[in-house]
Amino acid sequence: MLDKTPALDEKTSVAEDVILTTEKITKVFPGTVALEDVSFHVHRGKVNVLIGENGAGKTTLMKILAGVEQPTSGKIYLNGKEIHPRSPLDANRHGIGIIYQELNLCANLSVVDNIFLAREITKSGLLNQKIQKQRARELISKLEQKIDPEELVADLRIGQQQIVEISKALAQDVKILIMDEPTSALSAAEVEVLFRIIRELTSRGVSIIYISHKLEELLQIGDYITVLRDGRKVAEDKSENVNIRWMIEKMVGRNPAALFTRKERKLGNVLLKVEDLTLPRLGGGYLLDHVSFTLREGEILGFYGLMGAGRSDLVDCLAGARPQATGSIWLNGEPVTTSTISGRIHSGFVLVPEDRQRYGLVPTLSVGHNILLASLQKYLKGTLLDHKKEKAATDSKIKDLSIRVADPQQLITSLSGGNQQKVVVAKGLLTEPKILLLDEPTRGIDVGAKSEIFEIMNRMAGQHYGVIFVSSELKEVLAMSDRILVMSKGKITGEFTYSEATEEKLVTASAIGHGPTNGGNHNGK
């Protein structure tokens with residue numbers, strides 16, 4: 001039964017300085033109720049944390065506040081006056097800005113053009129590019145980054161794109177700033193910089209609404225915690241009164257100890273053998289420097305490392321996305337000679353990429369069509385697709401992976417982040433792979449969805465698949481891996497079994513070649 005009694009009573013909420021309130025907000029989409037009677041308070045000059053599983057309604061509520069979606073019923077009050085934000089520009093006029101969970105950038109435009117898109121700085125009716133570039137440099141410098149304002153967004157890594165998204169929001173003069181998963185692709189050092197900026201903003205009276213699935217950082221930065229579950233508010237309290245166990249239990253309704261469980265299993269023969277895998281770096285040197293390792297049947301092999309260690313480059317090479325790579329690969333004792341993505345899929349490799357939006361999904365297609373994308377040839381009947389077989393395959397994967405969708409014909413963008421990630425996994429599994437390559441599979445998803453991804457990993461390993469698991473989350477790598485390889489500057493610098501591995505050993509191995517370390521940047525690629 002849902003706990004509908006918030007820890008903060010109405011008198012407490014009124015006594016505190018509340019800048020914005022939603023009153024009984026309900027949002028109904030075809031086939032689903034995304035929000036039901038949600039009342040939410042935003043305290044002035046505070047960090048107001050909103051948590052919940054994927055699909056709980058957090059992003060929908062934020063889109064309503066930002067004018068992207070309209071509520072089916074309910075009211076929004078800003079400084080005691082009812083408002084009706086009809087568009088993001090309208091919300092911005094009310095002083096509400098947003099950093100979107102799925103990066104809302106134009107890849108074909110420069111950094112500076114993205115930062116000032118629809119808010120261009122003009123002089124005498126003409127675009128003032130000099131001032132825009134100067135302001136962009138100031139914003140990026142404030143975030144302690146070295147990004148050229150004239151560089152194309154398409155050429156930036158995902159963490160740098162997130163910095164651009166944050167810079168875009170900081171360029172606005174807002175009273176309320178919504179941050180939906182702002183740190184999902186940031187390094188530990190970048191997170192600390194962002195937290196300093198958040199504290200500076202709140203000291204100036206700016207109210208922050210902060211959504212993240214990294215529960216430790218919520219207690220570090222948050223002042224108030226509100227929990228949504230299945231579209232309803234189930235609890236709220238001051239952060240000083242709560243702990244991680246409380247947050248998880250309120251979010252998922254079960255004991256957090258049961259969420260991350262590695263299953264013991266007997267490992268089989270060597271399934272994958274890699275020797276001297278090398279990827280040259282533009283301008284000299286190596287992204288991957290003669291990497292060699294093996295993977296056994298039924299094994300979950302974790303890869304950990306700092307920024308630029310080469311983990312994502314490694315799985316990209318195995319998936320055929322880096323044809324310039326050299327080295328030898330054997331699968332089931334047979335040499336892998338093809339170097340194309342389609343060839344590697346046919347051989348038995350499949351990659352779940354770190355950036356699901358850019359490389360894992362087609363946002364204009366339905367859930368069902370996204371699931372089928374990598375294996376369409378299997379459903380040909382002559383020169384036409386067999387829709388009956390297609391439907392059976394998609395329905396089966398939706399059921400197997402517990403993808404929450406009312407109809408496979410729904411647009412993929414209507415799903416929560418965790419369910420989108422499961423669609424990417426389903427697409428891969430439909431190719432019937434032997435090797436499952438998972439690059440940051442839990443990025444930007446909640447603890448419940450993480451648990452489901454880990455269960456899929458356990459199930460695949462139990463069926464004698466080989467699983468390569470890249471993660472920047474130390475606790476996840478330690479909890480789920482049968483064996484862990486640590487990388488630094490393109491080389492393997494440590495190897496540990498499940499029983500041998502500790503946080504200290506992994507961080508120490510990841511810092512080899514980096515000189516003195518303050519404990520390591522745990523979120524690099």
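Residues numbered from 1 in each chain as written. Predicted model: local features only at pLDDT ≥ 70, side-chain atom pairs only at ≥ 80, totals over all residues. Heavy atoms only, no water.

1. Here's the deal with the overall build of the chain
No. 1: Helix and strand counts for the chain stand at 18 helices and 24 strands.
No. 2: The C-alpha radius of gyration of the chain comes to 24 Å, within 12% of the 24 Å expected for a compact globule of 525 residues.
No. 3: Looking at the chain residue by residue over its 525 residues, the buried ones come to 54%.
No. 4: Within the chain, contacts between residues separated by at least 24 positions form 69% of all contacts whose residues are at least 6 apart in sequence.
No. 5: Total accessible area on the chain stands at roughly 23000 Å², and carbon and sulfur atoms take up 50% of it. (Helix = DSSP H or I, 4+ residues; strand = E, 2+ residues; numbered from the N terminus. Rg over C-alpha atoms; globule rule 2.2 N^0.38 Å. Buried < 20%, exposed > 50% of the residue type's maximum accessible area, 1.4 Å probe, protein only. Contact = heavy atoms within 4.5 Å. Areas by Shrake-Rupley, 256 points an atom, 1.4 Å probe, with all protein chains shown as cover.)

2. Here we look at a nonpolar patch on the surface
No. 1: Among the surface-exposed residues, Val362, Leu373, Leu376, Leu380 and Leu385 lie close enough to one another that they form a single nonpolar patch of about 340 Å² accessible area.
No. 2: As for its placement among the helices and strands, Leu373 is situated in the loop between helix 13 (367-372) and strand 19 (380-381).
No. 3: Assessed through its relative accessible area of 33%, Leu373 is described here as partly exposed. (Patch = residues over 30% accessible without salt bridge, like charges linked within 9 Å, V, L, I, M, F, W, Y side chains within 5 Å. Salt bridge = Lys/Arg side-chain N within 4 Å of Asp/Glu carboxyl O.)

3. Regarding helix 7 (residues 188-203)
No. 1: Counted at 1.5 Å a residue, the expected span for helix 7 with its 16 residues is 22 Å, and the 23 Å between its end C-alpha atoms agrees.
No. 2: Every buried residue of helix 7 is accounted for by Glu190, Val191, Val193, Leu194, Phe195, Ile197, Ile198, Leu201 and Thr202.
No. 3: In the core, the buried residues of helix 7 are packed alongside strand 3 (47-51), helix 5 (129-142), helix 6 (158-170), strand 9 (176-180), strand 10 (207-211) and helix 8 (215-221). (Expected span 1.5 Å × (residues − 1).)

4. Here we look at unusual backbone geometry
No. 1: Residue Asn79 is not a glycine yet carries a positive backbone phi of 50 degrees.
No. 2: The topology assignment puts Asn79 in the loop between strand 4 (73-78) and strand 5 (81-83).
No. 3: We classify Asn79 as partly exposed; its relative accessible area is 39%.
No. 4: One non-glycine residue with positive phi stands out, namely His464, at about 75 degrees.
No. 5: Within the secondary structure layout, His464 lies in the loop between helix 16 (447-462) and strand 22 (466-470).

5. Digging into helix 9 (residues 244-252)
No. 1: Among all positions of helix 9, only Trp246, Met247, Ile248, Lys250, Met251 and Val252 are buried.
No. 2: Tucked inside the fold, the buried residues of helix 9 contact strand 3, helix 8, strand 11 (224-229), strand 12 (232-238) and helix 16.
No. 3: The opening residue of helix 9 is Asn243, an N-cap whose side-chain oxygen sits 3.3 Å from the backbone nitrogen of Arg245.
No. 4: Of the residues trailing helix 9, Gly253 is marked for its positive phi of about 75 degrees. (Polar contact = N/O pair within 3.5 Å; in protein donor to acceptor, adjacent residues only side chain to side chain.)

6. What to know about the packing of aromatic side chains
No. 1: Inspection of the entire model under this criterion finds three aromatic pairs.
No. 2: With a centroid separation of 6.3 Å and 65 degrees between ring planes, the pair formed by Phe195 and Tyr210 is classed as edge-to-face. A residue pair is termed long-range when its members are at least 10 positions apart, and Phe195 in helix 7 and Tyr210 in strand 10 qualify at 15 residues.
No. 3: When its relative accessible area of 0% is taken as the criterion, Phe195 is described as buried.
No. 4: Between the aromatic rings of Phe454 and Phe469, the centroid separation amounts to 6.0 Å while the plane-to-plane angle is 80 degrees, which identifies the pairing as edge-to-face. Of this pair, Phe454 sits in helix 16 while Phe469 sits in strand 22, and the two are 15 residues apart along the sequence. As far as burial versus exposure is concerned, Phe454 and Phe469 are alike and both buried.
No. 5: Taking NZ or CZ as reference, Lys273 lies 5.3 Å from the ring centre of Trp330, over its face.
No. 6: The ring of Phe349 has Arg344 lying over it, and the distance from NZ or CZ to the ring centre is 6.0 Å. (Phe/Tyr/Trp six-rings, centres within 6.5 Å; stacked < 30°, edge-to-face > 60°. Lys NZ or Arg CZ within 6 Å of the ring centre and 35° of its normal.)

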